[in-house]
Amino acid sequence: MQNINVPSSKRLSFQLAMSNHHEWLAKLYRDKDVMQKIPGGVMDHAQAEEAAKRAINGDYEFGLGYWIASLDNRGPASGYVVLRPFNWDSRFKGIELGYIIDKSFWGHYRDWE
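Quantities reported herein were computed from a predicted structural model and do not represent experimental measurements. (Residues numbered from 1 in each chain as written. Predicted model: local features only at pLDDT ≥ 70, side-chain atom pairs only at ≥ 80, totals over all residues. Heavy atoms only, no water.)

Draft legend 1. Region of the structure containing the pattern of salt bridges. The final tally for this structure, using the stated rule, is six salt bridges. Its salt-bridge partner being aspartate 102, residue lysine 27 comes within 3.8 Å of it at the nearest N-O pair. Of this pair, lysine 27 sits in helix H1 (residues 22-30) while aspartate 102 sits in the segment after strand S4 (95-101); the two residues are 75 residues apart in sequence, bridging distant segments of the chain. Here glutamate 49 ties to arginine 30 by a salt bridge, and the two come within 3.9 Å at their closest N and O atoms. (Salt bridge = Lys/Arg side-chain N within 4 Å of Asp/Glu carboxyl O. Helix = DSSP H or I, 4+ residues; strand = E, 2+ residues; numbered from the N terminus.)

Draft legend 2. The packing of aromatic side chains, seen in detail. Per the counting criterion, the structure on display carries two aromatic pairs. Note on tyrosine 29 and tyrosine 80: the rings are 6.3 Å apart at their centroids and 75° apart in plane angle, and the pair reads as edge-to-face. Of this pair, tyrosine 29 sits in helix H1 while tyrosine 80 sits in strand S3 (residues 79-85), and the two are 51 residues apart along the sequence. As far as the burial class goes, tyrosine 29 and tyrosine 80 line up, both buried. Measuring from centroid to centroid gives 5.3 Å for tyrosine 66 and tyrosine 80, while their planes differ by 55°, and the two rings are tilted. Here tyrosine 66 is found in strand S2 (residues 65-71), whereas its partner tyrosine 80 is found in strand S3, with 14 residues between them in sequence. Every member of this aromatic cluster is reached through a ring pair, and the members are Tyr29, Tyr66 and Tyr80. (Phe/Tyr/Trp six-rings, centres within 6.5 Å; stacked < 30°, edge-to-face > 60°. Buried < 20%, exposed > 50% of the residue type's maximum accessible area, 1.4 Å probe, protein only.)

Draft legend 3. Focus on the side chain of aspartate 31. Within the secondary structure layout, aspartate 31 lies in the loop between H1 and helix H2 (32-35). One polar contact links the side chain of aspartate 31 to the main-chain amide nitrogen of valine 34, over a distance of 3.0 Å. Not counting residues up to four positions away in its chain, the partners in contact with aspartate 31 are Val42 and Lys103. (Polar contact = N/O pair within 3.5 Å; in protein donor to acceptor, adjacent residues only side chain to side chain. Contact = heavy atoms within 4.5 Å.)

Draft legend 4. Quick peek at the pairing of S2. With seven of its seven residues buried, S2 lies for the most part within the structure. With five bridges connecting them, strand S1 (residues 12-16) and S2 associate as antiparallel partners. Bridge pairing in S2 places serine 13 opposite serine 70. Bridge analysis of S2 against S3 gives five bridges, and the strand direction is antiparallel. Of the residues in S3, the one forming a bridge with tryptophan 67 is valine 81. (Pairing = 2+ DSSP bridges.)

Structural data, given as structure tokens:
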């Protein structure tokens, strides 16, 4: 993978999803509140484990993939942003942009970056 410079601000930083994020990602995917508006909805244990593996082993060419976001430029992970090829419906071409915010951060920050 090439070296990709990811912008950050005083309060927000990003890093690639790595193996140390696996447990946190799987927990998000099993949370019914977090997943209520996500296509496919809440996942069982096996589905969450597989989705976390896909996130960590994502396609990071040209900056695509799963980017873990942290508020205040310090742990813990507060959510993630995904940029990936939209390739599951041949009628559409493009990039999917999505995000999930950890429930423990809901309602805590209302400023725009």
